[in-house]
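Residues per chain are reported as follows:
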Amino acid sequence: MIGLISATAAGAAARDRLAAAWPDRTRVYEGPVGDAVRAAFAECEQLVCFLATGAVVRLVAPLLDDKRTDPGVVCVDEGGRFAVPLVGGHGGGANELARAVGELLGAEPVVTTATDAVGLPGLDTLGLPCEGAVAAVSRALLDGEPVVLEAEVPWPLPALPTAAHGSYTVRLTDRAVEAGEREVLLRPPSLVVGVGASKGAPAEEVLGLVEEALREAGLSARSVAELATVDAKAGEPGIVAAAERLGVPLVTYPAGELAAVDVPNPSDAPLAAVGTPSVAEAAALLGGGELLVPKRKSAMATCAVVRRPGRGRLAVVGLGPGARDLLTPRAKAELRRASVLVGLDQYVDQIRDLLRPGTRILESGLGAEEERARTAVAEARGGRAVALIGSGDAGVYAMASPALAEASDDIDVVGVPGVTAALAAGAILGAPLGHDHVSISLSDLHTPWEVIERRVRAAAEADLVVTFYNPRSRGRDWQLPKALAILAEHREPTTPVGVVRNASRPDEAGRVTTLAGLDPATVDMMTVVTVGNTATREIAGRMVTPRGYRWQEEAQ
């Protein structure tokens, strides 16, 4: 919960805007400001104070205890110009909160945490438990000293500016080792513990067996991702309590699924009791992985431990039509989350400044789309966080389809939508896409012209607004005239046609002409051509396709 505190009418207005935008995440604290801050500090994970920074500093200073547990505090000036994280920038999430508040209120986030200021991810913000010399290694990264990343378990971390050799180390490991003097240990959630238990097995026995198995195998309990068992044991108190004490979820599977898992140590006892010859080993192995600890038993419980490989992450990111302000916040976040970026060289140049230091860039030229798709998937299969970029929306005439055709279910795939060229051009022209519409690429490099022509003819007969992508190039100068001729068989010569070149970019140019007046020679590959339907009109210089609302018909 986020506590909201204000002292003046101006502060209350901004506070109420935030409360209205986040009704389920916020709680307004009324009354004297000192009492409100103390109450919110005790009850909330984060605070936003619409007060002067000096006042907030004095109010929260006596309340501070431990940066690992104190709530994050953000101060917003009463003019709503700045959002300043005062306390808990990393651990309390105040830096991210300041950015979110700033975006909602139009305030500038003022982030002074050293790593955030230079674009580095804080080692304590990676979503993994960390141990060791966090401050010293973070300082080394900031100072440009060589820091080695030792990934004993592949995991999709964001970019870090690491080196092959150095005196500081970030070690990604699930082994029970102590951090060195200049070392940070990151604990990936790579271990799955399968458990079985007789009815009434004490939690102490289940937990003790698990901890003993981990200790003897040299594994860290902080890397346990989940406890797994059979559905029949979902409510067994000892197992439930063991998962709660470890702070991990309890995952259960039907006996039939467990019975199909090949295990080294099946037994007749669980088969008779719950319908599967293995509970602990089968539950741990069901999601795949390496069996590190085969089934071991106590008087009333069994357990087994499996290491599951980290799943790589492929984000397919649409960059929009080119303007920076049409690049979505989600796209920016994915670019900063990736450790590997794959893309067309000219698109990489558009967003190079948004990448974190240490991001590995794999760029190539036009015509290498399939190679980029294969490269991105291969990098993700190696357990890395990958961003594959495309213009507009990556799923529209871009990189999503070749990448997803290459990918299987062994990696996580995230699609990040972007503003398409058709939408950007439509906004410039007016409202040409106000009714049913279709986009057709006139490039016959991958699609036979016969197929393209059939689609154009179908759109013409269906009276759809048509947006042509890839309308004309030096080597393809006849396709656009042919497509326009097909449309002209079904539409008047005066049908409005919109022509937009480099939509949203500095040299953007847009105009409205007619089907008879369009000169195809003025169109190139950087142009989008939108042909209206029989209802499309030019109104005040804008291209408008009516939606067909009844009130419009009645008004005519």
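Residues numbered from 1 in each chain as written. Predicted model: local features only at pLDDT ≥ 70, side-chain atom pairs only at ≥ 80, totals over all residues. Heavy atoms only, no water.

J.: Help me understand the pairing of strand β23 (residues 465–469), please; the structure alone is not making it clear to me.
T.: Residues in a regular strand project their side chains so that they alternate between the two faces of the sheet. Buried residues dominate β23, accounting for 5 of its 5 residues. Judged by which residues are buried, β23 turns out to be covered on both faces: V465, T467 and Y469 on one side and V466 and F468 on the other are all buried. As judged from the 5 bridges shared by strand β22 (residues 437–441) and β23, these two strands associate in the parallel manner. Note on β23: the bridge partner recorded for I440 is F468. Note: β23 against strand β26 (residues 527–531), 3 bridges, orientation antiparallel. Bridged to F468 within β26 is V529. (Buried < 20%, exposed > 50% of the residue type's maximum accessible area, 1.4 Å probe, protein only. Helix = DSSP H or I, 4+ residues; strand = E, 2+ residues; numbered from the N terminus. Pairing = 2+ DSSP bridges.)

J.: When you look at helix α16 (residues 421–429) in this model, what are you seeing that I'm missing?
T.: Those residues of α16 not exposed but buried are A422, A424, A425, G426 and L429. Positive backbone phi, approximately 140°, marks G430, located one or two places after α16.

J.: Would you take a moment to explain the pattern of salt bridges for this structure?
T.: Pairing is possible between side chains of opposite charge, provided their charged atoms come close. Scanning the entire structure with this criterion turns up 32 salt bridges. Here R381 makes a salt bridge to D410, at a shortest N to O gap of 3.1 Å. Of this pair, R381 sits in helix α14 (residues 369–381) while D410 sits in the loop between α15 (400–406) and β20 (412–416), and the two are 29 residues apart along the sequence. In this structure R381 comes out as partly exposed when scored by relative accessible area, which is 40%. Residue classification places D410 among the partly exposed positions, given a relative accessible area of 36%. What you see here is one network of salt bridges that share partners, running through E152, R171, R175 and E183. (Salt bridge = Lys/Arg side-chain N within 4 Å of Asp/Glu carboxyl O.)

J.: For this particular structure, what's the right way to read the sheet that holds strand β27 (residues 537–539)?
T.: The strands that make up a sheet are held in pairs by hydrogen bonds between backbone atoms, and each pair lies either parallel or antiparallel. Taking strand neighbours across the sheet as the criterion, the 3 strands line up as β21-β28-β27 in an open arrangement whose pairing is mixed. Two strands close off the open sheet at either side, each with one partner strand: β21 (430–431) and β27. Two strands pair when backbone bridges link them, and β21 and strand β28 (residues 542–544) are joined in this way by 2 bridges, in the parallel orientation. Each bridged residue has a counterpart across the sheet, and for G430 the counterpart in β28 is M543.

J.: What is the right way to read the side chain of S443 from this model?
T.: Considering the arrangement of structural elements, one finds S443 in the loop between β22 and α17 (449–461). Overall, the relative accessible area of 13% leaves S443 in the buried class. Only 3.4 Å separates the side chain of S443 from the backbone nitrogen of L445, close enough to count as a polar contact. With sequence-adjacent residues up to four places away left out, S443 is seen in contact with I452, N470 and R476. (Polar contact = N/O pair within 3.5 Å; in protein donor to acceptor, adjacent residues only side chain to side chain. Contact = heavy atoms within 4.5 Å.)

J.: Help me understand the pairing of strand β14 (residues 290–297), please; the structure alone is not making it clear to me.
T.: Alignment of β14 against strand β15 (residues 301–307), held across 5 bridges, turns out to be antiparallel. Bridging across to β15, V293 finds its partner in V305. Linkage of β14 to β15, two consecutive antiparallel strands, is achieved through a turn of 3 residues.

J.: When you look at helix α12 (residues 329–337) in this model, what are you seeing that I'm missing?
T.: Because each turn of an α-helix spans 3.6 residues, side chains separated by three or four positions end up pointing in the same direction. Of all the positions in α12, only A331, E334 and L335 are classed as buried. All buried residues of α12 lie within an arc of 100° about the axis, which places them on one face of the element. Buried positions along α12 lie against β16 (313–318), β17 (340–344), α13 (345–351), β19 (385–390) and β20. (Arc of directions from axis to C-beta.)

J.: I keep staring at the environment of G72 and nothing clicks. Help me out?
T.: Within the secondary structure layout, G72 lies in strand β4 (residues 72–76). With relative accessibility at 0%, the residue G72 sits in the buried group. Distance in space between the C-alpha atoms of G72 and R384 is 30 Å, their sequence separation being 312 residues.

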